[in-house]
Amino acid sequence: MHYSIRHITRFRYSAPVRESVMELRMQPRSEGPQALRSFQIATNPRAQLYAYTDHLGNAVYHFNVLREHSELRIETQALVEMTAQPALAENADTLEWDRYNRYNLSAEQFDLLEPSKFAHMSPALAEFMKARALEKPNGDALGALKQLNRTVHDSFDYESGITQVHSPIDDALKAGRGVCQDFAHIMIAAARSWGVPARYVSGYLHHRGKGKDRSGEDATHAWVEAYLPSMGWIGFDPTNDILAGERHIRVALGRDYADVPPTRGTFKGTAESELAISVSVQPTQAPIRHEEFLRVARPIKPGSEPPTKAEQFYQQQQ
């Protein structure tokens, strides 16, 4: 399956601003069953883009807009190929919990057991887990995580506007409503309390049919990956009570949202800002490879003369 992704972000300012400094984490990752085939960024006003890879393996772009402007528009287009993922076992074996030790976990995974800015234990979360018998995991590790995924889904209504991107998990816990970011943070904090390394995934979700997924079609998406020593990283989508699969397009990984916002920046000036976002994820045909354009103009003749020494040297250099 190939997906064409278009993501537009527009900042409007009530008065001209200058020296906008912006950092982007919007390029889909290329690993495992997901392969990035093309990626483009366009900004208006135009700016010189610079890029690096952060310590979590995320592609980061940054740029400055030095002249005055009243609007900043960022548009990205990506083409991603998703291959079929191997079937996941129904359950983990009974020894999986015993594998959560220093022999089976790396330093990176131990870091994902620690509380982070948005994903940490709180009195409201402790009360939530106690009321739903989640203080200790039940059964095998994979089954317990599936149950946690389902419980978070069933316990909250999906409603935008109740929380903001920088809201603590207590806001969603008290309201009983929230969005994918809130549900991911709650599940991550709960899983870490069990001793399971868990990380935040930002990306996109392709919606197959209207009304079947709770998350919005015109927005980015967030879900959770939990580590099982014998299985590796497994994706859970508590917003929709499903496992992450071929419809989930991964962009960035982090401890929580604070590590991976799609855009982060600042500007000089005294102005109010308005943010508008548009996201489109559509299935598309596979791109035509360069070889398919080629037409043989002069075929090799049987018994042709061997290459000269000069030709051999040239071929060797190539």
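Below is a summary of the structure that appears in this document. Predicted, not measured: the structure shown is a model, and the values here were computed from it. (Residues numbered from 1 in each chain as written. Predicted model: local features only at pLDDT ≥ 70, side-chain atom pairs only at ≥ 80, totals over all residues. Heavy atoms only, no water.)

**Here's the deal with helix H2 (residues 123-131)**
Within the span of H2, buried status applies to Ala-124, Leu-125, Phe-128 and Met-129. Buried positions in H2, seen along its axis, are confined to an arc of 130° and lie on one side of it. Set apart from the buried face of H2 by more than 90 degrees, the exposed residues are Pro-123, Glu-127, Lys-130 and Ala-131. Packed against the buried residues of H2 are helix H3 (141-155), helix H4 (169-175) and helix H5 (180-193). Immediately beyond the C-terminal end of H2, within one or two residues, lies Ala-133, with a positive phi of roughly 55°. (Buried < 20%, exposed > 50% of the residue type's maximum accessible area, 1.4 Å probe, protein only. Helix = DSSP H or I, 4+ residues; strand = E, 2+ residues; numbered from the N terminus. Arc of directions from axis to C-beta. Contact = heavy atoms within 4.5 Å.)

**With respect to the pattern of salt bridges**
Taken as a whole and judged by the stated rule, the model has 19 salt bridges. Arg-250 is the salt-bridge partner of Glu-31, the closest N and O atoms lying 2.6 Å from each other. Taken together, the residues span a long stretch of sequence, with Glu-31 in the loop between strand S1 (2-24) and strand S2 (34-44) and Arg-250 in strand S12 (residues 248-254) at a distance of 219 residues. Using a relative accessible area of 29% as the deciding quantity, one classes Glu-31 as partly exposed. One network of salt bridges, with partners in common, ties together Arg-29, Glu-31, Glu-108, Arg-199, Glu-225 and Arg-250. (Salt bridge = Lys/Arg side-chain N within 4 Å of Asp/Glu carboxyl O.)

**Points about the packing of H3 against H5**
One way to put it is that H3 packs onto H5 with a least axis distance of 10 Å and a crossing angle of 145°. H3 and H5 meet at a crossing whose hand is right-handed. Note on element contacts: H5 touches H3 through Phe-183, Ile-186, Met-187, Ala-190 and Ala-191, opposite Leu-145, Leu-148, Asn-149 and Val-152. Classifying every residue of the contact of H3 with H5 gives 8 nonpolar, 1 polar and no charged. (Axes fitted to C-alpha atoms, helices over the stretch in contact; angles between N-to-C directions. Left-handed = near helix turned anticlockwise from the far one by under 90°. Nonpolar A, V, L, I, M, F, W, Y, C, P; charged D, E, K, R; others polar.)

**Focus: the pairing of strand S8 (residues 198-205)**
Of all the 8 residues making up S8, 8 are buried; the element is thus mostly covered by neighbouring parts of the structure. The sheet contact formed by S8 and strand S9 (residues 221-228) spans 6 bridges and is antiparallel. For Gly-203, the partnering residue across the bridge sits in S9 and is His-221. (Pairing = 2+ DSSP bridges.)

**Notes on the sheet that holds S9**
Strand order in the open sheet made by the 5 strands is S11-S10-S9-S8-S12, with antiparallel pairing throughout. What marks the edges here is a single partner per strand, and that holds for strand S11 (242-243) and S12. Where S9 lies against strand S10 (residues 232-237), 5 bridges are found, and the strand directions are antiparallel. Bridging from a neighbouring strand, Tyr-227 pairs with Trp-233 of S10. The sheet contacts of H3 involve S9, S10 and S11, and relative to S10 the element is tilted by about 25°. With respect to the sheet, H5 is in contact with S8, S9 and S10, its orientation differing from that of S8 by roughly 155°.

**Some details on the environment of Ala-189**
One can find Ala-189 in helix H5. Residue Ala-189 is classed as buried on the basis of its relative accessible area of 4%. For the pair Ala-189 and Arg-199, spaced 10 residues apart in sequence, the C-alpha to C-alpha distance is 9.5 Å. Apart from residues lying up to four places away in sequence, Ala-189 is in contact with Ala-119, His-120, Met-121 and Leu-125.

**Considerations on the side chain of His-221**
Relative to the elements of secondary structure, His-221 occurs in strand S9. Judged by its relative accessible area of 2%, His-221 falls in the buried class. Among the polar contacts listed, one links the side chain of His-221 to the side chain of Asp-237, at a separation of 2.9 Å. Here His-221 is in contact with Cys-180, Val-201, Ser-202, Gly-203, Tyr-204, Leu-205, Ser-215, Asp-237, Thr-239, Asn-240 and His-248, once residues within four sequence places are set aside. (Polar contact = N/O pair within 3.5 Å; in protein donor to acceptor, adjacent residues only side chain to side chain.)

**Topic: the packing of aromatic side chains**
Each aromatic ring pair is characterised by the separation of its centres together with the angle its planes make. Summed over all chains, the structure comprises 9 aromatic pairs. A ring pair is formed by Phe-156 and Phe-183, whose centres lie 5.6 Å apart and whose planes are at 35°; its orientation type is tilted. With Phe-156 in the loop between H3 and strand S6 (157-158) and Phe-183 in helix H5, the pair connects residues that are 27 residues apart, well separated along the chain. Note on accessibility: Phe-156 and Phe-183 belong to one class, buried. Cluster of aromatic residues (ring-pair linked, three or more members): Phe-128, Phe-156, Tyr-158 and Phe-183. Across from the ring centre of Trp-233, 3.8 Å away, lies the NZ or CZ of Arg-199, which sits over that ring. (Phe/Tyr/Trp six-rings, centres within 6.5 Å; stacked < 30°, edge-to-face > 60°. Lys NZ or Arg CZ within 6 Å of the ring centre and 35° of its normal.)

Taken by themselves, the reported measurements are silent on function.
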